[in-house]
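This is what each chain is made of:
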Amino acid sequence: MILEVRLYATLRRYAPSSPNGVIMVDIPDGMTVLDLVKKIEIDPTEIHLIMINGIGCELEKLLTNGDRVALFPPVGGG
């Protein structure tokens, strides 16, 4: 199944071929967000917020074909 994955802020470095941080990923059925994160070689501790199709979720969420996954790092500032 094909997913659209959007990487934000510092996570964009995991998609060097896509300057806007959007990549398409082909994964088998039955994968979770954590499985996806490992497949694209992102350290799960770098992820603060996960949204699937605009709804917040956790790493254990099962993915389905056509999902739009957005991954955000913690936000710094002062």
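Criteria and cut-off values
Residues numbered from 1 in each chain as written. Predicted model: local features only at pLDDT ≥ 70, side-chain atom pairs only at ≥ 80, totals over all residues. Heavy atoms only, no water. Helix = DSSP H or I, 4+ residues; strand = E, 2+ residues; numbered from the N terminus. Rg over C-alpha atoms; globule rule 2.2 N^0.38 Å. Buried < 20%, exposed > 50% of the residue type's maximum accessible area, 1.4 Å probe, protein only. Contact = heavy atoms within 4.5 Å. Areas by Shrake-Rupley, 256 points an atom, 1.4 Å probe, with all protein chains shown as cover. Lys, Arg positive; Asp, Glu negative; His and termini not counted. Charge placed at Lys NZ, Arg CZ, Asp CG, Glu CD. Core = buried A, V, L, I, M, F, W, Y, C linked by side-chain atoms within 4.5 Å.

Colleague: Help me out: how do you make sense of the overall build of the protein in this one?
Modeller: Secondary structure summary: the protein contains one helix and five strands in total. Secondary structure elements of the protein, listed N to C terminal, follow the sequence β-β-α-β-β-β. Relative to its length of 78 residues, the protein is compact, with a C-alpha radius of gyration of 12 Å against a globular reference of 12 Å. Relative to its full complement of 78 residues, the protein shows a buried share of 38%. When contacts within the protein are restricted to residue pairs at least 6 apart in sequence, long-range pairs at least 24 apart make up 57% of them. For the protein, the accessible area works out to roughly 4700 Å², and carbon and sulfur atoms hold 55% of it. Within the protein, one finds 7 positive and 10 negative side-chain charges whose respective centroids are separated by 6 Å.

Colleague: I tried to follow the nonpolar core on my own but got confused; where do I start?
Modeller: As a rule of thumb, nonpolar side chains are buried together in soluble globular proteins. Within the largest apolar cluster, 22 residues are counted, with the highest numbers of intra-cluster contacts made by Val-5, Leu-63 and Leu-71. Residue contacts for Leu-71: discarding those within four places in its chain leaves Val-5, Arg-6, Leu-7, Tyr-8, Leu-11, Val-37, Ile-42, Ile-47, Leu-49 and Ile-50.

Colleague: Got a minute to help me understand the side chain of Thr-32 in this structure?
Modeller: Its place among the elements puts Thr-32 in the loop between strand 2 (22-26) and helix 1 (33-39). Given a relative accessible area of 16%, Thr-32 falls into the buried group. Dropping the residues within four chain positions of it, Thr-32 is found in contact with Leu-59, Glu-60, Lys-61, Leu-62 and Leu-63.

Colleague: Looking at this model, I keep getting lost on unusual backbone geometry. Mind explaining?
Modeller: Located in the positive-phi region is Ala-9, a residue other than glycine, with phi close to 50 degrees. The topology assignment puts Ala-9 in the loop between strand 1 (2-7) and strand 2.

Colleague: Would you explain the environment of Ile-40 in this entry?
Modeller: With respect to the element layout, Ile-40 can be found in the loop between helix 1 and strand 3 (49-52). Here Ile-40 falls in the buried class, since its relative accessible area comes to 15%. Aside from chain neighbours lying at most four places away, what touches Ile-40 is Val-5, Tyr-14, Ile-23 and Val-25.

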